[in-house]
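Analysis of the macromolecular model
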Amino acid sequence: PSPQADFVSSGVETWLGYPVRDWMEQPGFFFSILHPDDRAEVWDAHLRAERDDSPFDHEFRLLTADGRTVWTRAVDSVVRDEDDPVGKRIGFMLDVTTAKAAELELRETMSRLTTLLTHMQAGVLVEDALLLLGRFGPTADEPAHQFVPRRRLEEHEQRLRHRLLDLAGALQ
């Protein structure tokens, strides 16, 4: 059986664009606005929580009345008292769209960086706040990364600059 809400905050109208009466009067309304790619997973998680009488804590996408997709985190658990030994699920939903977008962007960036580092020949130097430099770039005889004091890099740059000046002078 599809669950039906006993109470829904009026804030849901502003957030998702559906009137509270839809949530209250239409059994399973929540499942009807789930993103199609998330429906089976959320339904299975819901059934497990009901069967095991366990908390529900899940992230998924909802479709708003105006056609947008928002990432949502829903959390609920069963609350019982002496008058209601069966209990009711009480919970909340949060809009986590901004956090999810940042998480997905970070994953994509890390994937591109991993691909880049895997395929590069020499390496990359990264400076951190402690003025240490990380050298990343796998070769057969070196570790995938190592850190060196900035001073050593500056000494190396100075030697290289002198060699280039000497070479430029020799070419004149």
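In case you missed it, the structure is sitting above this.
Residues numbered from 1 in each chain as written. Predicted model: local features only at pLDDT ≥ 70, side-chain atom pairs only at ≥ 80, totals over all residues. Heavy atoms only, no water.

Tallying each qualifying case throughout the model produces five aromatic pairs. Relative to Phe29, the ring of Tyr18 lies with its centre 5.2 Å away and its plane at 80°, an arrangement referred to as edge-to-face. Taken together, the positions of Tyr18 in the loop between helix H1 (11-16) and helix H2 (20-25) and Phe29 in helix H3 (residues 29-32) put the pair 11 residues apart, joining distant regions of the chain. Pairing Trp23 with Phe29 gives two aromatic rings, centres 5.1 Å apart and planes at 70°, and the pair type is edge-to-face. Phe29 carries the same exposure label as Trp23, and that label is buried. A cation over a ring is seen here: Lys100 above Trp71, with NZ or CZ 4.7 Å from the ring centre. (Phe/Tyr/Trp six-rings, centres within 6.5 Å; stacked < 30°, edge-to-face > 60°. Helix = DSSP H or I, 4+ residues; strand = E, 2+ residues; numbered from the N terminus. Buried < 20%, exposed > 50% of the residue type's maximum accessible area, 1.4 Å probe, protein only. Lys NZ or Arg CZ within 6 Å of the ring centre and 35° of its normal.)

Turning to a nonpolar patch on the surface, a few remarks are in order. Together, Leu106, Met110, Leu113 and Leu116 line one region of the surface with nonpolar side chains, adding up to about 370 Å² of accessible area. Mapped onto the elements, Leu113 comes out in helix H5 (residues 97-119). Leu113 gets classed as partly exposed once you look at its relative accessible area, which sits at 37%. (Patch = residues over 30% accessible without salt bridge, like charges linked within 9 Å, V, L, I, M, F, W, Y side chains within 5 Å. Areas by Shrake-Rupley, 256 points an atom, 1.4 Å probe, with all protein chains shown as cover. Salt bridge = Lys/Arg side-chain N within 4 Å of Asp/Glu carboxyl O.)

The next thing to look at is the side chain of His35. Tracing the chain through its elements places His35 in the loop between H3 and helix H4 (39-52). Relative accessible area serves as the criterion here: at 16%, His35 is assigned to the buried category. In contact with His35, other than residues within four places in its own chain, are Arg61, Leu62, Leu63 and Thr69. (Contact = heavy atoms within 4.5 Å.)

Where strand S2 (residues 69-81) and strand S3 (residues 84-95) come together, nine bridges link them in antiparallel fashion. Within the sheet, the bridge partner assigned to Ala74 lies in S3 and is Met93. Hairpin connection between S2 and S3: a loop of two residues separates the two successive antiparallel strands. (Pairing = 2+ DSSP bridges.)

So, about the nonpolar core. Nonpolar side chains tend to gather and get buried jointly when the protein is soluble and globular. Grouped together as the largest cluster of nonpolar side chains are 20 residues, with contacts concentrated most on Leu16, Trp23, Phe30, Phe60 and Leu62. Put simply, the parts of the chain that give this core at least two residues each are H1, H2, H3, H4, strand S1 (56-63) and S2. What Phe60 contacts, discounting residues up to four positions off in sequence, is Phe30, Leu34, Asp38, Val42, Val70, Trp71, Thr72 and Ala74. (Core = buried A, V, L, I, M, F, W, Y, C linked by side-chain atoms within 4.5 Å.)

Glancing now at the sheet that holds S1. To summarise the sheet geometry, strands pair through backbone hydrogen bonds and adopt either a parallel or an antiparallel arrangement. Overall, antiparallel pairing links the three strands, which are arranged S1-S2-S3 in an open sheet. Edge positions in the sheet fall to S1 and S3, since each of these pairs with one other strand and no more. For this sheet the average axis-to-axis angle between neighbouring strands, irrespective of direction, equals 30°. Along the sheet face, H4 touches S1 and S3 and points at about 150° away from the line of S1. (Axes fitted to C-alpha atoms, helices over the stretch in contact; angles between N-to-C directions.)

As a further point, take H4. Between its first and last C-alpha, H4 extends 20 Å over 14 residues, near the 20 Å set by a 1.5 Å rise per residue. Turning to H4, its buried residues number three or more, namely Val42, Ala45, His46 and Ala49. Looking straight down H4, one finds its buried side chains confined to an arc of 100°; they lie on one side. Relative to its buried face, H4 has exposed residues pointing more than 90 degrees away, namely Ala40 and Arg51. Looking at the packing, one finds that the buried side of H4 touches H3, S1 and S3. Positive backbone phi, at 55°, marks Asp53, one or two positions downstream of H4. (Expected span 1.5 Å × (residues − 1). Arc of directions from axis to C-beta.)

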